[in-house]
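A look at the structure
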Amino acid sequence: MVQQNFALHETMELHELLNFKTICMTTSKMIQGVVFDQELKTLLEKDVQQSMQSVNVLQELLSKTQPQ
Amino acid sequence: MDYERKPINALKKPMRNDYLEIANAEGMPGLVDSTIALNFLLNAKNGIRNCAMALTEIADPQSRTEVRNMLNASIDLHAQITELMMKKGWFHPYQVNEQFKLDKMSAQAALQIANLKLFPGDTSRLGTFATPNY
């Protein structure tokens, strides 16, 4: 299969999503040590799990492209 | 966990020194959790917007599918956060008056906290970490 570069704007968008997800994941993980409510903590952990998956997927996608 | 129903976002007394003051310890869990929940909700909202905006810029089919899955997951999570916040009395989408009152109290509490000297002095903490090159 021919390796196809993304257009620059696609790479940028994916990259920005990666940054956003990374920060969300870090924040949600960190803040779990602060909350009192256990239901809220469960949701935060759910967010961490979702973000982990997103970050992996985005890294996978970004690894296929080289910014020109 | 049962919170004191009302008014969770108000400080009981003006804060003078720090959040550990006994007078304010009473409502503190609710204040902390509602603030964090709001932050979480806004993050989820921004995530949905970011995914949606990204979708309008991406042509690659595989990337679109992945981002769309992310968008759907974010929407579900946002709904769950909203539901939790409504259940706990932190969020009143159908009673705008109540919501405004709560937000004003939160703003006042936040102002008081912002005014405190919470971390006086040098906070660099270098020396407690291995940072030979700093």
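Residues numbered from 1 in each chain as written. Chains lettered and ligands numbered in written order. Predicted model: local features only at pLDDT ≥ 70, side-chain atom pairs only at ≥ 80, totals over all residues. Heavy atoms only, no water.

1. Considerations on the overall build of chain B
Of regular secondary structure, chain B possesses 4 helices and 0 strands. Walking chain B from its N terminus toward its C terminus, one meets helices and strands in the order α-α-α-α. Per-residue burial over chain B gives 33% buried out of 134 residues. Partitioning the intrachain contacts of chain B with sequence separation of at least 6 by distance along the chain shows that 54% fall at a separation of at least 24. (Helix = DSSP H or I, 4+ residues; strand = E, 2+ residues; numbered from the N terminus. Buried < 20%, exposed > 50% of the residue type's maximum accessible area, 1.4 Å probe, protein only. Contact = heavy atoms within 4.5 Å.)

2. What to know about the interface of chain B and chain A
At the junction of the two partners, chain B supplies 33 residues and chain A supplies 27 residues. Across the interface of chain B and chain A, roughly 2600 Å² is buried in total on both sides, 69% from carbon and sulfur atoms. Contact with chain A buries area across many residues of chain B, yet Ile36(B), Phe40(B) and Met70(B) alone supply 21% of it, more than any other trio. Remark: the boundary between chain B and chain A carries 3 salt bridges. Here Lys88(B) makes a salt bridge to Glu39(A), at a shortest N to O gap of 3.1 Å. Linking chain B with chain A are 10 residue pairs in polar contact (both at pLDDT 80 or more). Its residues placed into classes, the side of chain B that touches chain A shows 19 nonpolar, 8 polar and 6 charged. (Buried area = accessible area lost by both parts, 1.4 Å probe. Salt bridge = Lys/Arg side-chain N within 4 Å of Asp/Glu carboxyl O. Polar contact = N/O pair within 3.5 Å; in protein donor to acceptor, adjacent residues only side chain to side chain. Nonpolar A, V, L, I, M, F, W, Y, C, P; charged D, E, K, R; others polar.)

3. Some remarks on the confidence of the model for chain B
The predicted model of chain B averages 85 in pLDDT, with 82% of residues at 70 or higher. Confidence scores differ between elements of chain B, with helix α1 (residues 22-25) of chain B showing the lowest mean pLDDT of 67 and helix α3 (residues 61-88) of chain B the highest of 96. (pLDDT = per-residue confidence, 0-100.)

4. Observations concerning the pattern of salt bridges
Per the counting criterion, the structure on display carries 5 salt bridges over all chains. Residues Lys88(B) and Asp37(A) are paired through a salt bridge, measuring 2.9 Å at the closest nitrogen-oxygen approach. Here Lys88(B) is found in helix α3, whereas its partner Asp37(A) is found in the loop between α1 (8-31) and α2 (38-63) on a different chain. Per residue, the accessibility class of Lys88(B) equals that of Asp37(A), and both read buried.

5. Side note on α1(A)
Taking 1.5 Å per residue, 24 residues should reach 34 Å; α1(A) reaches 34 Å between its end C-alpha atoms and fits that length. Every buried residue of α1(A) is accounted for by Glu10(A), Thr11(A), Glu13(A), Leu14(A), Leu17(A), Leu18(A), Phe20(A), Lys21(A), Cys24(A), Met25(A) and Ser28(A). For α1(A), the elements touching its buried residues are α2 of chain A together with α2 (28-55) and α3 of chain B. (Expected span 1.5 Å × (residues − 1).)

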